[in-house]
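# Survey of secondary and tertiary structure
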Amino acid sequence: MTRFLTSEWFEVRMTLVDDLPELPGASARLQHRVTEADGRVVPYYDVIENGRLTASGLGVHPEPDVEIAMTVDATNWP
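Residues numbered from 1 in each chain as written. Predicted model: local features only at pLDDT ≥ 70, side-chain atom pairs only at ≥ 80, totals over all residues. Heavy atoms only, no water.

Here we take up the overall build of the protein chain. A count of helices and strands for the protein chain gives one helix and four strands. Ordered by position from N to C terminus, the α and β elements of the protein chain give α-β-β-β-β. Across its three principal axes, the protein chain shows a C-alpha extent of roughly 40 × 30 × 15 Å. Evaluated residue by residue, the protein chain yields a buried proportion of 28% over its 78 residues. (Helix = DSSP H or I, 4+ residues; strand = E, 2+ residues; numbered from the N terminus. Buried < 20%, exposed > 50% of the residue type's maximum accessible area, 1.4 Å probe, protein only.)

Let us look at the nonpolar core. Phe4, Leu5, Trp9, Phe10, Val34, Val42, Tyr44 and Val72 together form the largest nonpolar core, which totals eight residues. Beyond its immediate stretch of four places on either side in the chain, leucine 5 contacts Phe10, Val34, Glu36, Val42, Tyr44 and Leu58. (Core = buried A, V, L, I, M, F, W, Y, C linked by side-chain atoms within 4.5 Å. Contact = heavy atoms within 4.5 Å.)

Here a ring pair, both rings aromatic, is described through the centre-centre distance and the interplanar angle of the planes. Under the definition given, this model contains four aromatic pairs. Plain terms: the ring middles of tryptophan 9 and tyrosine 44 are 5.6 Å apart, the flat faces sit at 90° to each other, and that makes the pair edge-to-face. Pair noted here: tryptophan 9 is in helix H1 (residues 7-16) and tyrosine 44 is in strand E2 (residues 41-49), with a separation of 35 residues, a long-range link. Relative accessible area serves as the criterion here: at 6%, tyrosine 44 is assigned to the buried category. Ring geometry for phenylalanine 10 versus tyrosine 44: centroids 5.6 Å apart, planes at 70°, classification edge-to-face. In this pair, phenylalanine 10 is assigned in helix H1 and tyrosine 44 in strand E2, connecting sequence segments 34 residues apart. Of the two residues examined, phenylalanine 10 and tyrosine 44, each falls in the buried class. Among the aromatic residues, those joined into a ring-pair cluster are Phe4, Trp9, Phe10 and Tyr44. (Phe/Tyr/Trp six-rings, centres within 6.5 Å; stacked < 30°, edge-to-face > 60°.)

Laid out in C-alpha cells, this is it:
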C-alpha cells in the first residue's frame, strides 16, 4: 500500500484510471486542500478531461474550477 499524498500515491492513481471510459464534456480542474492532524495543509490538484484523469500532483493549480477542503488523520496509515 502506498502512503497518502506521496509521489507513489499519485503514480498509482494515474495507472488505476487508465481503463475508465471517456465521458465527453465531463471536464474539471479540482483543487484539493488536505489538513492533516498536525495542522499541516497539503494542496494537490486533479485535472479531468472528458471523464479521464489526465493530470494530478502536489501543489496548487493556477485555474481550478472547484476547491475541495478535507481534514484527515493519517497518523496510523501505512
